Every structure is written in structure tokens, then in C-alpha cells.
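# Secondary and tertiary structure notes
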Amino acid sequence: MSRPEHKAPPEIFYNDDEARKYTSNSRIQSIQAEMALRALELLNLPENETCFLLDIGCGSGLSGEILDEENHIWVGLDISPSMLQVALDREVEGDLFLQDVGQGIGFRPGTFDGAISISALQWLCNADQQSHNPKSRLNRFFSTLYASLRRGARAIFQFYPENDDQCELIMSVAMRCGFEGGLVVDYPNSKKAKKYYLCLFAGQIPGRQKQQIPQALGEDES
Amino acid sequence: MRLITHNMLQCHAKNCNSNNFPLQLSQVEIVNQETEFNPMFLRNMLPKLEWNALVKTALQINVTLPTVLPESTTDDLDEEFLKTLHGILLETHILQGAMTCPNCNRVYPIKDGIPNMLLNETEA
Ligand SMILES: [Zn+2]
């Protein structure tokens, strides 16, 4: 299977046609919704509380709709104007930004109660321009993300790692930027259902029990 | 973009690290969109707001807020005041316009409600 991020940069790959096809595909819709719900669960937010959340690589708002349904207020960032246009057309509630997160994000310290990202992180590891250095882009991204999160808040990234090296690179940069946490692999023995969630903690919540990496789903099944 | 988000936003150009907030609004077209009143969310967000910046921004769209956030901040703020805040923070959307960084003067355009935060190579 060829990986879309090898074909073209995200803002080119997700042109008007692709953005619409992607968003109206019911299989993609239900997978994205399921992963967004799982990411939200892993965020471990206080129950019945409206939170201020960030959606990194929000695309056409498929994950944002889940945040809307769960009554959260959110800000979505994406590099593809076509995807954002579809999000506008679908009238999602979140505030949308045209942004390349590899250039860093500009929110004041402690802004967000949590961040989710569905199927976007692997795009950040590409070098689409000569000046792109994946490691320094990851570093800029994670360091500015860390600052924008409330102490103890989590960032959950569902992604499709290309190989172990890529996983290690992402984790090591995140840890160097101050994050704690690790990888949760749901249904590790199922070829179809296996999903990777990078669970990062922006430090610990003062006076609370130390945060542990959440339990993966379906570890005993095959 | 809602004003609550604008109050959290600062310039992210590479070497612009101080005095980079709030981004100055200009030539804005705003629109009001009703949304559910959520006093608990507002109370949670109050400590995160930069009040002076919000007062300044509100003035730019002809809304006058008290220059000092009323004392006894979170618990017993009256409903009336929270409703005013709700209208400003969550129901006021910037549809078109520009935001200028007070430090490096970088201009970020806003089109169809979406700020364009893309930097060019020398800025990133
Ligand atoms: Zn600046």
C-alpha cells in the first residue's frame, strides 16, 4: 500500500477533489470518528466539563465534530486550504487556522486543556522542501505545543508510523521538549484494527497521582 | 475565529519571542453567532484570559469592558457579567481582517474566518 505522504505534501495531496472524496467516504468517516473518540478517552479530561482543546491536523473537521458532540470548545489547525474549506462548508463549531505546525504554533502558555491529532503526525516527518528538516520541524512543533498546554494536560496523537525509526525519532524529540508518556498500541495482534496512539503528558498535575501510560485495548485478542 | 481564541494567540515567527501579544486587529469584519451559554466554561477560562488585551480588543469592536476584572473572580461573578463575556468571547467571530504582531510587525490575514498563519522560509 502506498502512503499518501510519499506522494505529495499534504497541502497539495489534499486538493479540493481529494478533500471532498476523503470527507464523504463513509468508511473513512466512521474510522476517523472512532479514533477521535478513543483519543478523547485517552485525554482523560474531567467528566462533564467543557474544555478548551486543540485539534492538530483537523482537516475537514471529522474529529472536530466529535469534539462538538462532546460539548468541547476547540481550535483546529491544518495546512490544507481545501480541507479547511470543506470544514467551513460542513459548519463545524471550532475555530480554524491555516497553519504548518512544523513552523511552530503560537498560543500563549497554558492555553489548552488538551490536544488531539488524528492521522496527521506522520506527515510532519516528511521533508517536502529542501529546507525541511524533519527533526527540527518536530522540535519546533513539540516545544511550542508543550508551552501551549496547561501543566499536566495531555496530547494524544493517533498516527500511522512508517517504521520503528520514525517512531523513535518522534518520541525522542517529544521527550526532549519536556513531554512524558509513551505509545499505546490498541489491538496489537490484529492487522486491521491495530492503532497507534502517542500519549504525551505536559508534565504532571501538581498534587495528583503521577500520570501513567494508559492501558491499550485488545491486547489479548488476535 | 472567536475572540476567546484571539486572546490566546501570539506571534509564532521564529525569533519573535517577547512583546508578541496581542495581535493587533485591523480592518475587521465581524459577525455574531449565537451559541449556548456555558457559565462553567467561562469561569474555567477566566484565569487564562489576558484581561487588558481583551479590553483593548473589545474597544476595537466598540464594546466597553471594565478596565479591571471584577474582584472575587471566579465563583460569585454575576450572571449578567458572564453573559456579556459570553457574547464577546464566544459569539463574536472575526470574519475578515488582519492581525499585526506588535513586536515584529508581521501581518497575518484572516479570510472567511480563517487566519493564515503560514510563515515563509526566512520567518520560520
Ligand atoms: Zn512577531
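- An unreviewed UniProt entry annotates chain B as 15966_t:CDS:1 of Funneliformis geosporum.
- The annotation that UniProt attaches to chain B under Sequence similarities (unreviewed entry) is "Belongs to the TRM112 family."

- Looking at an unreviewed UniProt entry, one finds chain A named 3344_t:CDS:1, with Funneliformis geosporum as its source organism.

## Points about the coordination of the zinc ion
Residues and elements named next belong to chain B.
- Every protein donor of the zinc ion is accounted for by Cys11 (SG), Cys16 (SG), Cys101 (SG) and Cys104 (SG), and the metal-donor separations fall at 2.3 Å.
- One way to put it: the four donor atoms around the zinc ion meet at angles of 101 to 115 degrees, and that makes the site tetrahedral.
- On the primary sequence, the residues serving as donors to the zinc ion are separated as C-x4-C-x84-C-x2-C.
- Classification of Cys101 by relative accessible area gives buried; the value is 1%.
- Take Cys104: its relative accessible area is 36%, and that puts it in the partly exposed class.

## A word on the interface of chain B and chain A
- Counting residues at the interface gives 31 residues for chain B, matched by 34 residues for chain A.
- Considering only the side of chain B, the residues that lose the most area to chain A are Arg2(B), Lys48(B) and Ile114(B), jointly responsible for 21% of the buried surface there.
- Residues Asp95(A) and Arg2(B) are paired through a salt bridge, measuring 3.0 Å at the closest nitrogen-oxygen approach.
- Applying the counting rule to chain B against chain A returns 17 residue pairs in polar contact (both at pLDDT 80 or more).

## Describing the sheet that holds strand E7 (residues 195-201) of chain A
All names here are of chain A.
- The seven strands are arranged E3-E2-E1-E4-E5-E7-E6 in an open sheet whose pairing can be described as mixed. Looking along the sheet, the strands with just one partner apiece sit at the ends: strand E3 (95-98) and strand E6 (180-186). Across this sheet, the average inter-strand angle for adjacent strands is 15 degrees, counted without regard to direction.
- Sheet topology places strand E2 (residues 73-78) next to E3; four bridges connect them, and they run parallel.

## Considerations on the pairing of strand E5 (residues 149-159) of chain A
All names here are of chain A.
- Extensive coverage of E5 is indicated by the burial of nine of its eleven residues.
- As defined by bridge partners, strand E4 (residues 112-118) adjoins E5 across six bridges and the pair is classed as parallel. The residue of E5 that forms the bridge with Gly114 is Arg154.
- Between the parallel elements E4 and E5, the chain passes through helix H7 (residues 134-148) in a crossover that is right-handed.
- The pairing of E5 with E7 spans six bridges and is antiparallel.

## Points about the pattern of salt bridges
- Under the definition given, this model contains twelve salt bridges over all chains.
- Across the pair Glu65(A) and Arg90(A) runs a salt bridge whose closest N-O atoms are separated by 2.9 Å. Of the two residues, Glu65(A) sits in helix H5 (residues 62-69) while Arg90(A) sits in the loop between helix H6 (81-89) and E3, which places them 25 residues apart along the sequence.
- Here Arg106(B) ties to Glu123(B) by a salt bridge, and the two come within 2.6 Å at their closest N and O atoms.

## Topic: the packing of aromatic side chains
- The final tally for this structure, using the stated rule, is 15 aromatic pairs over all chains.
- Seen in terms of ring centroids, Phe52(A) and Phe112(A) are 5.3 Å apart; in terms of plane orientation they differ by 15 degrees. Their pairing is stacked. Remark: Phe112(A) occurs in strand E4 and Phe52(A) occurs in strand E1 (residues 52-56); sequence separation between them is 60 residues. Both residues of the pair, Phe52(A) and Phe112(A), belong to the buried class.
- Taking 5.1 Å as the distance between ring centres and 45 degrees as the angle between the ring planes, the aromatic pair formed by Phe141(A) and Phe142(A) counts as tilted. You'll find Phe141(A) and Phe142(A) in the same group, each marked buried.
- Ring pairing ties together the aromatic residues Phe52(A), Phe97(A), Phe107(A), Phe112(A) and Phe41(B), which thus form one cluster.
- Directly above the ring of Tyr197(A) sits Arg38(A), whose terminal nitrogen or CZ lies 6.0 Å from the centroid.
- We note Arg106(B) situated over the ring of Tyr108(B); from NZ or CZ to the ring centre the distance is 4.9 Å.

## A word on the pairing of E4(A)
Residues and elements named next belong to chain A.
- With respect to burial, E4 is a largely interior element, seven of its seven residues being buried.
- Here E1 runs beside E4; their pairing, made up of three bridges, is parallel. Residue pairing for E4: Asp55 is matched across the bridge by Ile116.

Definitions and limits used
Residue positions are given per chain, counting from 1 as you read along its sequence in written order. Naming scheme: in the order in which they are written, chains are lettered from A and ligands are numbered from 1. Local features in a predicted model are, by the rule used here, given only for residues with pLDDT of at least 70; side-chain atom pairs are given and counted only at 80 or more, and totals for whole chains, interfaces and linings are based on all residues. Each side-chain value is derived from all of the structure's non-hydrogen atoms; neither hydrogens nor water enter the calculation. UniProt positions are given in the numbering used here, feature names are shortened, and annotations may be inferred rather than shown by experiment. Coordinating donors are taken as N, O and S atoms within 2.8 Å of the metal, stretched to 3.2 Å for Na, K and Ca; because water is absent from the atoms, sites can appear incomplete. Under this scheme a four-donor centre is tetrahedral when all angles range from 85 to 135 degrees, a four-donor centre is square planar and a six-donor centre octahedral when opposite donors are above 155 degrees with the rest from 65 to 115, and any other centre is irregular. Three exposure classes are used, based on accessible area relative to the maximum for each residue type with a 1.4 Å probe and protein chains only: buried under 20%, partly exposed in between, and exposed over 50%. Whether two residues touch is decided by their heavy atoms; if any such pair falls within 4.5 Å, the residues are in contact. A 1.4 Å probe defines the accessible area here, and the buried area is the portion of it lost by two parts on being joined, summed over both. Put simply, a salt bridge is a Lys or Arg side-chain nitrogen that is within 4 Å of an Asp or Glu carboxyl oxygen. Two N or O atoms count as a polar contact when they lie within 3.5 Å, although within protein this holds only if one can serve as hydrogen donor and the other as acceptor, and sequence-adjacent residues are included solely when both atoms are side-chain atoms. DSSP calls a pair of strands paired once it identifies at least 2 bridges connecting them. Numbering of helices and strands starts at the N terminus; helices are DSSP runs of H or I of at least 4 residues and strands are runs of E of at least 2. In this description, a line fitted to the C-alpha atoms serves as the axis of each element, helices being fitted only across the stretch in contact, and the angle between N-to-C directions of two axes falls anywhere from 0 to 180 degrees. Crossover handedness is defined by viewing with both strands directed away from the observer: a clockwise path from the first strand over the helix to the second marks the crossover as right-handed. Any two of the Phe, Tyr and Trp rings considered here, Trp counted by its six-membered ring, make a pair once their centres fall within 6.5 Å; the pair's planes then place it as stacked at under 30 degrees, edge-to-face at over 60, or tilted in between. By definition here, charges over rings are those cases where NZ of Lys or CZ of Arg is within 6 Å of the ring centre and within 35 degrees of the ring normal.

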